[in-house]
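# Structure at a glance
Single-letter residue listing:
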Amino acid sequence: MRFKALFAIAFAVLITGCASPGRHELLNVSSFPANPADISAELDIFVATTRRQSVDQPRIVYGGDRSPNIAYASVDITVPKIHETGRIERAKGRAQADPAKHFTARRVSFFKERQQFAQAVNADVVRHEGQRVLVFVHGFNNGFDDGIYRITQIVHDTKYVGTPVLFSWASAAKTTGYLYDKESANAARDDLEATLRMLAGSKAKSIDIIAHSMGTWVTMETLRQLAISGDRDLGGKLGNVILASPDIDVDVFKKQMERYGKPDKPFAILLSDDDRALQLSTFISGDKPRVGDYSDAADLASLGVIVADLTQAGSGDRLNHAKFADNPFLVELLGEGLRMNAGLSAADSGDFGSPMSTIGKDIGQAVGSVADIVITTPFKVLSIATGG
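Source: prediction; values computed, not measured. (Residues numbered from 1 in each chain as written. Predicted model: local features only at pLDDT ≥ 70, side-chain atom pairs only at ≥ 80, totals over all residues. Heavy atoms only, no water.)

## Here's the deal with the overall build of the chain
Along its length, the chain carries 13 helices and 11 strands. Scored against the burial criterion, the 388 residues of the chain give a buried share of 56%. Long-range contacts, defined here as pairs at least 24 residues apart, represent 76% of the contacts in the chain between residues at least 6 apart. A total of about 16300 Å² of accessible surface is found on the chain, and carbon and sulfur atoms cover 51% of it. (Helix = DSSP H or I, 4+ residues; strand = E, 2+ residues; numbered from the N terminus. Buried < 20%, exposed > 50% of the residue type's maximum accessible area, 1.4 Å probe, protein only. Contact = heavy atoms within 4.5 Å. Areas by Shrake-Rupley, 256 points an atom, 1.4 Å probe, with all protein chains shown as cover.)

## Here's the deal with helix α5 (residues 189–200)
For α5, which comprises 12 residues, the first-to-last C-alpha distance of 17 Å matches the rise-based estimate of 16 Å (1.5 Å per residue) to within 8%. Within α5, the full set of buried residues consists of L192, E193, T195, L196, M198, L199 and A200. (Expected span 1.5 Å × (residues − 1).)

## Thoughts on the packing of helix α6 (residues 215–228) against helix α7 (residues 250–260)
Packing of α6 against α7 brings their axes to within 8 Å, and their N-to-C directions diverge by 30°. Judged by the angle between their axes, α6 and α7 are roughly parallel. Note on packing geometry: the crossing formed by α6 with α7 is left-handed. On α7, the residues touching W217, M220, E221, L223, R224, A227 and I228 of α6 are V252, F253, Q256, M257, R259 and Y260. Of the residues that constitute the contact of α6 with α7, the class distribution is 9 nonpolar, 1 polar and 3 charged. (Axes fitted to C-alpha atoms, helices over the stretch in contact; angles between N-to-C directions. Parallel < 35°, antiparallel > 145°, perpendicular 65-115°, else oblique. Left-handed = near helix turned anticlockwise from the far one by under 90°. Nonpolar A, V, L, I, M, F, W, Y, C, P; charged D, E, K, R; others polar.)

## Let's talk about the nonpolar core
In terms of nonpolar packing, the biggest core is built from 54 residues, with V135, F167, I207, F253 and F267 touching the most fellow members. A total of 6 residues in this core trace back to one element, the largest contributor, which is α6. The residues contacting F253, other than those within four sequence positions of it, are M220, L243, I248, I269, V291, L300 and L303. One finds A313, A322, L333 and I375 within the second-largest nonpolar core, a separate group that totals 41 residues. (Core = buried A, V, L, I, M, F, W, Y, C linked by side-chain atoms within 4.5 Å.)

## Quick word on the pairing of strand β2 (residues 62–80)
As paired elements, strand β1 (residues 39–53) and β2 share 12 bridges and run antiparallel to each other. Along β2, the bridge assignment pairs V47 with A73. In this sheet, strand β3 (residues 104–111) lies alongside β2 in antiparallel orientation, the contact comprising 7 bridges. By the bridge assignment, V75 is partnered in β3 with V108. (Pairing = 2+ DSSP bridges.)

Below you can see the structure in the form of C-alpha cells.
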C-alpha cells in the first residue's frame, strides 16, 4: 500500500512538472503594449545567482547549469490589475506574456561586478521606509523564471515594503533532477553567505529571509556557517527567518540548529502533514522524515523556533507544497507577521504566532472558520481559524 501511495505521489509530481512551462522563458520575443490602467504594480527584483547565463536561449536569461562565479542582475516586472492573491498569472506555453493578463518581465539589467550591484541595491534600500530587504531562496525544480515570478507574487501579496532580492541557485528545473539540485544547493552555500554579508554591508536595517523547499537547505547551511564564523545575526541586521516546507532531514536540521543556537529574532517553520512533494522526498531519502511534514511540532519548537502547522489549510496545487504563498489567507498572515515583527527580537515580539493569531481571527470571523493553523512555540500552543 505504501509503495502504491508513493507511486501515485511520484506520478502527481511528474504530471505537475509536465504542466509547467518546459522552456522557462522569462522574456517575451518582442515588447507587448501595456496600458498603465491594466497594471497593478511594477517591481524591480534584484538577483544574485549561481546559474550560468543562457547564451543560446537569451529569453531564459539564466539556465540550470552551474556557474563557477556568482552573477548579479535586476528584473523589471509588472503585475496585472486582474491578479488574484496567491496566484501567479503567467502566459501558457509559447504565448507571449500580456501585461494586462500576466506577470510580465519587461527588461533584465546585468551588473558587471559585485560593487556595481551593491551600489544599486543600496540606492534602492534607502528609498524605502524602514530600509528592509527581503531575500527569497527558491526550491527544487525551479527555473530562473519561477523564482522571479514567486518573489514578485510574495512581495506584492504580502505588501512588503522594502528591497526584494532573489537568490537563485542552479536548479535543473526538471522533476528528474532531484540529486543534481541537491548538489547545486550544496555548491551555493558560500555564495548565499557572500550575498547576505554584502546586504548587511548596505544601509539596510533588517534583512528578512523566506526560503522554500530545498532552498531551506541552502539557507540553514548558510546560517550555520555564519554562526561558526561568529556572525550569526549579520551584525544585528538579520530579521525574520521563515522556512516554508523545509526539505531537510529532521536529524540534520536539529544538528544545524544546535550549531546555530536559539534564534534571537522570529524564526518560523511552516509545515504541512499532507505535503506530497515532501512525502516523495522522504521516500527518496531512505524514509527519513523531512522537517516540512514532521508531525512532532513540539520537538521542533524545543529548538527555539515557531512552528506553524498548515495541514488543514487549503492549497493552490495538488501537491500542497506551496501553501505559504498560494493560499490567499496564509499569504495575508505572512505579510502581517512580517510587518508586525519588523525589527523586533523574539522576546519583544513574543512569537511569530501573535500577529498571525490576530489577523487570523479577523479573517476567520469574516469568512467563517474552515481550517485551523496550529502554532507551536517554545512557550505555548495556539490554534487560529482561517478561511481556507
